[in-house]
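# Structural overview for review
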Amino acid sequence: DGVAPGRRPKCSLCITVLKKIQALAGDDPDEAAVVAALKKGCRALGRMLSKQCQRLVDKYRDTISEGLQNGDMPQDICTAMRMCRS
């Protein structure tokens, strides 16, 4: 799934979540599209990841929303949230 070996689990979870949300939000999302994608994205990951995803989204909603609207890559957004090392 494109996650390099040696990455922390939090980092790969973050990237997985953001790729899903990014796909749901579309290519040039406005705030409404991002908010809708944030809601749907966690549910789409299944019960095991959904709770972790929801906590991540609740805590970093503004950073995620801004990053997606700016067209940032999931890796970069996760690094900004300190989930991944740069």
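The structure this text deals with has already been given above.
A brief look at the structure comes next. From a predicted model like this one, the values you see are computed outputs, not experimental measurements.

For an α-helix, 3.6 residues make a turn, and residues three or four places apart therefore share a direction. Relative to the 33 Å expected for 23 residues at 1.5 Å per residue, helix α3 (residues 47-69) spans just 27 Å between its end C-alpha atoms, considerably shorter than the ideal helical length. Along α3, the largest kink reaches about 85° and is centred on Y60. Taken together, the buried positions of α3 are occupied by S50, C53, L56, V57, Y60, I64, S65, G67 and L68. Buried residues in α3 make contact with α1 (9-25), α2 (31-44) and α4 (74-80). Count one or two residues on from α3 and you reach G71, which has phi positive near 80°.

With that settled, consider the nonpolar core. I64 and M81 are the most contacted members of the largest nonpolar core, which has 24 residues in total. Of all the elements, α1 adds the most residues to this core, at eight residues. If sequence neighbours within four positions are ignored, I64 has contacts with L18, L38, L56, V57, I77 and M81.

What counts as what
- By convention here, each chain's residues receive numbers from 1 onward along its written sequence.
- Only residues with pLDDT of 70 or above have their local features reported here, since the model is predicted, and side-chain atom pairs are shown and tallied only from 80 upward, although totals for entire chains, interfaces and linings are computed over all residues.
- The basis for every side-chain value is the complete set of heavy atoms in the structure, and neither hydrogens nor water enter the calculation.
- A run of H or I in DSSP counts as a helix once it spans at least four residues, and a run of E counts as a strand once it spans at least two, with each numbered from the N terminus.
- The span expected for a helix works out to 1.5 Å for each residue beyond the first.
- Consider a residue and the seven residues that end there alongside the seven that start there; fitting an axis to each set, the bend is the angle between those axes.
- Only protein chains enter the calculation, and the probe is 1.4 Å; a residue is then buried if its accessible area is under 20% of its type maximum, exposed if over 50%, and partly exposed in between.
- In this analysis, two residues are considered to be in contact whenever any of their non-hydrogen atoms come within 4.5 Å of each other.
- Nonpolar core, defined: a set of buried Ala, Val, Leu, Ile, Met, Phe, Trp, Tyr and Cys residues in which side-chain atoms within 4.5 Å join the residues together.

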